[in-house]
Amino acid sequence: MAEQIRGKGVISGIAVGKVMLAGQNLDGYLAAYKPGSVAEEQGKAEAALAAVTENLLATIDRLRKDEQTEQAAILEAHRMMVQDPMMAENIKTKIEACGSAPQGILDAANEQAQIFEQMEDEYFAARAIDLRDVGKRVAKYVLGVKEPEIGTGQVVLCGEEIEPSVVAGMPTDQIAGVILGSGSATSHVVIIAKARAIPTVLGIGDKISLIQDGDEIILDGSRGDIIIRPTEEERLLYQDKIEEQKKLAAHYAALKDLPAVTKDGVRIELTANIGTHMDVDNALTYGAEGVGLFRSEFVFMGSTTIPTEEEQFKAYRAAVEKCSGHICVIRTMDIGGDKPLPYLNIDPEENPFLGYRALRISLDRHDLFLPQIKAILRAGLYGKAAMMVPMVISVSEIQRVQKLVEQAKVELTHEGKEYSDDVQVGIMVETPAAAVVSPLLSQYVDFFSIGTNDLIQYTLAVDRGNAQIAHLYNPFNPAVLRLIQRTIQSARERGIWAGMCGEMASDPYAAVILLGMGITELSMSAPSIPRVKEMIRSVTSTQAKELLADVMKMEHGVDIRAYLHKMLESSDASAGL
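Residues numbered from 1 in each chain as written. Predicted model: local features only at pLDDT ≥ 70, side-chain atom pairs only at ≥ 80, totals over all residues. Heavy atoms only, no water.

- An unreviewed UniProt entry annotates the protein as Phosphoenolpyruvate-protein phosphotransferase originating from Centipeda periodontii DSM 2778.
- Taken verbatim from the UniProt record of the protein, the Catalytic activity (unreviewed entry) comment is "L-histidyl-[protein] + phosphoenolpyruvate = N(pros)-phospho-L-histidyl-[protein] + pyruvate". (UniProt positions renumbered as here; feature names shortened; annotations may be inferred.)

Right, dumping it as structure tokens:
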């Protein structure tokens, strides 16, 4: 008998296949393992690290030859983790404590993973899975554990968490879909699945126990629906949907190289939000016209010490070069109490989102900020780089930033290092204070990029992670819309460009009223670009302004969303929304 459960659909598409449970439990293998002396166990760990490195290099080479650059880049990050001297040293210490190579390896990886898991930022917390994946991979080599046989048919991978290496190591045509009990939309498993257009559902919680190895599954990545052991009638219904999704995929692919321009010729630049330079290739496949948000924090999170100017320069340069002349907006370090780093020595805070973070740290810690500014200025020689400062609340902060930029240029000149004198400096408008004083701030910067995630949270006093009040978190709340409109208007009056890099930018309906406000750039997760582009191409700027005028008279965010849906759902752009 068929059973239906629902999770969170994160990659659209329909998948049909047999379940393959992924994520092997090593408890039994660890219990049966007989360790030797500490020296012998440490030798086994060293040999395993070397062997796994060799295996990863071979897989990376194969993926690159197959032009699967995104997966290759992720496994390259894993390779760096395996060869990290700090990881090797930590493994030695753990083996001395427990006397077992596989257990010591797992303990070392788990310790580093826990640092990432403490972070409230979903993107960085998801990196903990990668660290545990690496640890498990090395431990399995010592234990002699082999990967399960895949067979010849298509499978739906299912697990509480699935190691990225499992997905990256399987041929695309054998993975019909992915189901995660927990996980994050920014985990590397999901990133790999996006690169391969594999339908994915996560967040089904304890209902994952209803799914057994070998069960036939129908998975709807758009709605988050999972049908276990479907009936013949359900199979036929979803077969029709699969044919529809193939047509839609071909339609979106045809949009890749077309501009996001309205019917009456108004163009919007659509760019991508990325976490590392390795994400740029994936973004370009969806038609991104550059990068609107490079979260530079990952450069800092991936190091046990303050990353040097040279290390940062290499990462920023790689991203700027990949953008091939299009803009690459690098956000300066947005780290604080919610993202603890051992070398920052920040005391725990009751409310880190209102605490010592982002620009507040940068302006205090010139040893952190100046090398980053210098690295960005140097990367600007290789394309169109821009520097964006987060968490601004006053003009005085921007004035201090400008002085540091000038100081960085003086130091670079003195050091004989070339840099670009054409790097734009802008701010992320994510505090109500910045939005309110945007007419003043516009006199000191080259651009605004509206960070709606925090702007909505701060404006409405709503913690979107709190289930009891999450329903109050609404980007169409009239208060939020007025702050956004004020910011865009301030930019236009001053002659600077205004963009948006928060989640609201990926909403096709929101894109229309933002167009009406006069926004010039929208940055979002890469897979959202085709839908937003199609919506923009289906309307005129006059229509957008008329809809905006109607919306700004309305009193309730829920009504605004419903109104936009009603007015735009009949347009050509509504296909697939």
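Some thoughts on the nonpolar core
Here comes step 1: Leu270, Tyr316, Met387, Ile484, Met500, Leu514 and Leu522 are the most contacted members of the largest nonpolar core, which totals 100 residues.
Here comes step 2: Beyond its immediate chain neighbours, meaning those up to four positions away, Met387 contacts Ile330, Thr332, Ile373, Ile376, Val401, Val405, Val423, Gln424, Val425, Gly426 and Phe447.
Here comes step 3: Of all hydrophobic cores here, the second largest spans 54 residues; its members include Ala109, Ile175, Val178 and Leu180. (Core = buried A, V, L, I, M, F, W, Y, C linked by side-chain atoms within 4.5 Å. Buried < 20%, exposed > 50% of the residue type's maximum accessible area, 1.4 Å probe, protein only. Contact = heavy atoms within 4.5 Å.)

Brief notes about the pattern of salt bridges
Here comes step 1: A complete count under the given rule lists 27 salt bridges for this structure.
Here comes step 2: Several salt bridges converge on common partners, so that one network encompasses Glu309, Glu310, Lys374, Arg378, Glu411, Glu415 and Lys417. (Salt bridge = Lys/Arg side-chain N within 4 Å of Asp/Glu carboxyl O.)

A look at the environment of Arg132
Here comes step 1: In this fold, Arg132 is placed in helix α7 (residues 127-143).
Here comes step 2: On the accessibility criterion, Arg132 (25% relative accessible area) is partly exposed.
Here comes step 3: When the C-alpha positions of Arg132 and Ala498 are compared, they lie 40 Å apart, and in sequence the two are 366 residues distant.
Here comes step 4: Not counting residues within four places of it along the chain, the set of residues in contact with Arg132 comprises Asn110, Ala113, Gln114 and Glu117. (Helix = DSSP H or I, 4+ residues; strand = E, 2+ residues; numbered from the N terminus.)

What to know about the packing of helix α20 (residues 478-494) against helix α21 (residues 508-517)
Here comes step 1: Relative orientation of the contacting elements α20 and α21 amounts to 40 degrees, with a least axis distance of 9 Å. Relative to α21, α20 is oriented oblique. The interaxial crossing formed by α20 with α21 has right-handed handedness. Here Leu481, Ile484, Gln485, Ile488 and Arg492 of α20 lie close against α21, whose contacting residues are Ile513, Leu514 and Met517.
Here comes step 2: Taken together, the residues of the contact of α20 with α21 sort by class into six nonpolar, one polar and one charged. (Axes fitted to C-alpha atoms, helices over the stretch in contact; angles between N-to-C directions. Parallel < 35°, antiparallel > 145°, perpendicular 65-115°, else oblique. Left-handed = near helix turned anticlockwise from the far one by under 90°. Nonpolar A, V, L, I, M, F, W, Y, C, P; charged D, E, K, R; others polar.)

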